[in-house]
Amino acid sequence: MGNFIENVRFYLKERGIKQNYVELMTGWEKSRISRIVNGETDIKYDDMEQLARALGKDVIFFLGNKEDMRAKNTPNGAISFFAGHLSSDDKKTADKLIEMFRFYDALTIKNF
């Protein structure tokens, strides 16, 4: 299982994916994610599946070669990944976040 965690850690770092994203996609607490990603606790196969699915992959992908996980250079330097399809609850949350960010400037600009 160490290879799985090592590859997940590499994948997250290579793509600049934060543990906050993993927390949002899995519903796990930050401390649990940190312990798993840092190899401080064992991970069960069901958790491996959930973590891989949250990153848009399957367990086999993270048991493979790191070279397959390396972010490929893109013309504009952007990196993207597919994290799966949204459930109806995820879609509602995403819509709320988009609406919130539409008004971000108005919420953060201080009046002098």
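Data block above holds the structure.
First things first, this report covers the structure right here in the doc. Every value quoted in this text rests on a predicted model; they were computed, and no experiment measured them.

What counts and how
- Residues numbered from 1 in each chain as written.
- Predicted model: local features only at pLDDT ≥ 70, side-chain atom pairs only at ≥ 80, totals over all residues.
- Heavy atoms only, no water.
- Salt bridge = Lys/Arg side-chain N within 4 Å of Asp/Glu carboxyl O.
- Helix = DSSP H or I, 4+ residues; strand = E, 2+ residues; numbered from the N terminus.
- Buried < 20%, exposed > 50% of the residue type's maximum accessible area, 1.4 Å probe, protein only.
- Axes fitted to C-alpha atoms, helices over the stretch in contact; angles between N-to-C directions.
- Left-handed = near helix turned anticlockwise from the far one by under 90°.
- Contact = heavy atoms within 4.5 Å.
- Nonpolar A, V, L, I, M, F, W, Y, C, P; charged D, E, K, R; others polar.

### Here's the deal with the pattern of salt bridges
Stage number 1. Counted under the stated rule, the structure contains two salt bridges.
Stage number 2. Here Lys66 makes a salt bridge to Glu6, at a shortest N to O gap of 2.7 Å. In this pair, Lys66 sits in helix α6 (residues 66-69) while Glu6 sits in helix α1 (residues 2-15), placing the two residues 60 residues apart along the sequence.
Stage number 3. Relative accessible area serves as the criterion here: at 37%, Glu6 is assigned to the partly exposed category.
Stage number 4. For Asp47, the salt bridge identified is with Arg32, shortest N-O distance 2.7 Å. Placement of Asp47 in helix α4 (residues 45-54) and of Arg32 in helix α3 (residues 30-37) is noted, with a sequence separation of 15 residues between them.

### Overview of the packing of helix α2 (residues 19-26) against α3
Stage number 1. The contact between α2 and α3 brings their axes to 10 Å, and the two run at 115°. Helix-helix and strand crossings are classified by hand; for α2 and α3 the assignment is right-handed. For the pair α2 and α3, the contacting residues are Gln19, Asn20, Val22, Glu23 and Thr26 in the first and Lys30, Ile33, Ser34 and Val37 in the second.
Stage number 2. Its residues assigned to classes, the contact of α2 with α3 shows three nonpolar, four polar and two charged.

### Some thoughts on the side chain of Asp47
Stage number 1. For Asp47, a relative accessible area of 16% corresponds to the buried category.
Stage number 2. If we skip the residues at most four places from it in the chain, Asp47 touches Trp28 and Arg32.

Spatial relationships are all this shows, so hold off on functional conclusions.
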